[in-house]
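# Coordinate analysis (summary)
These are the residues of each chain, in order.
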Amino acid sequence: MARVAPRIELRRTEENAAEIDALTERFDGAVGVEGVIANLSRQARPVTAEGSAVTRAYAWEERDNWDSRWWPQGITWSTDVSADQGVIVTSAYAKNRVGLTVASRIAVVDLATLRYRHVLLVRPLMWRGRAIFRPLRVHAGGLVWYGPSYLHVAGARRGIFTCRMQDILKVPPSRATLGHHYVLPVRFAYNAAAGDMRYSFLSLDRSVSPPEIVAGEYGRDAMPTRLARFQIDDDHLTTEAAGASAPSLFDDRGLSHMQGAVTVRGTWYVTQSRGPSALGQLQVGTPGEFRRYPQALPIGPEDITYWPARDELWSQTEHPGSRCFFAMDRAQFAAQSDAGPTPA
């Protein structure tokens, strides 16, 4: 049975409203995600990917496929913006030569055209009375895009960072940072206020009411691999009387090398990596009672998300030379993992 974890808490910060307003004025107004979709600059393409569970896959442009600085991580989706077939958003982090994280970004992908563009995640600041921004330095191992507005980004030991998609700005070439002409400022954060939980990945469970954010930890050897769920109230994490958000459920029976986890009507779907040369695997079931599907995923699987209207699970891979984002029909696991009807 799942455990309640009273010591695991997230505490929301004040909004960076004034800083974002000043940046918006400086750069002649926000363009939002619609502005990005109207000006996509790169082209993904269908590709054949290894893994017995993969039903379709798409490769990035070669310059992104082989980039040794940027490493793909999180994935989420939305049909709340103006795209014919929906939009996938993925995340990546950049590391320097000694392995330190120096920046994070998202890629906005229009599935109707497979065109995409990178958007840098930034911290808005005021310096000497002037609005500026700096790259957000987090692993960005998971994403949740809830409704048309809020994008939640996993920040490991720091907690969860939240952006508003309407805040995306286009900056002039002279202000481009790490080659990015679009930036998304962090509006607020849920700081890890109690406990030592690492927020390695995130997903959204829409099959419960109210919806819940699922978070978990990557771990190996003796590292903890815990799972937690946080309820959402009016687009934000539900808070208690003291102002903190505590998990509605907590379970310490995760799996080693978990890269992502999502739940659908009580069933968990967990991606596991097996190094840079072996196919990944999917674990399906509940904590303590998982069924393993070996070689189900491509090499280097990362975060996972569920698309109810398509009854599909989506993930992406991280290793240079074989990077892709891909879909899996959940029905191939559903008959063995839950008794509920398959969504239309």
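In the block above lies the structure referred to throughout.
Figured I'd write up the structure that's included with this text. Computed from a prediction, not measured in an experiment: that's the story for all the values here.

## A closer look at the environment of S200
- Of note, S200 is situated in the loop between β14 (182–194) and β15 (201–205).
- Since its relative accessible area comes to 17%, S200 is described here as buried.
- For the pair S200 and L120, spaced 80 residues apart in sequence, the C-alpha to C-alpha distance is 19 Å.

## Comments concerning the pairing of strand β6 (residues 87–95)
- Buried residues dominate β6, accounting for 8 of its 9 residues.
- Bridge count for strand β5 (residues 70–78) against β6 is 7 bridges, and the pairing is antiparallel. From the neighbouring strand, T76 faces β6, where its bridge partner is V89.
- Of the pairings in the sheet, the one linking β6 to strand β7 (residues 101–110) comprises 9 bridges and is antiparallel in character. Paired with I88 across the two strands is V109, which belongs to β7.
- Here β6 folds back onto β7 in antiparallel fashion, the turn holding 5 residues, of which G99 has a positive phi close to 90 degrees.

## Description of the pattern of salt bridges
- Applying the stated criterion across every chain, the model contains 16 salt bridges.
- For E217, the salt bridge goes to R198, with nearest N and O atoms at 3.7 Å. Here E217 is found in the loop between β16 (212–216) and β17 (227–233), whereas its partner R198 is found in the loop between β14 and β15, with 19 residues between them in sequence. Assigned by exposure class, E217 and R198 land together as buried.
- For the salt bridge of E217 with R226, the shortest nitrogen-to-oxygen distance reads 2.7 Å. Of the two residues, E217 and R226, both sit in the buried class.
- Overlapping salt bridges bring together R12, E15, R164, D167 and R187 as one network.

Calculation notes
- Residues numbered from 1 in each chain as written.
- Predicted model: local features only at pLDDT ≥ 70, side-chain atom pairs only at ≥ 80, totals over all residues.
- Heavy atoms only, no water.
- Helix = DSSP H or I, 4+ residues; strand = E, 2+ residues; numbered from the N terminus.
- Buried < 20%, exposed > 50% of the residue type's maximum accessible area, 1.4 Å probe, protein only.
- Pairing = 2+ DSSP bridges.
- Salt bridge = Lys/Arg side-chain N within 4 Å of Asp/Glu carboxyl O.

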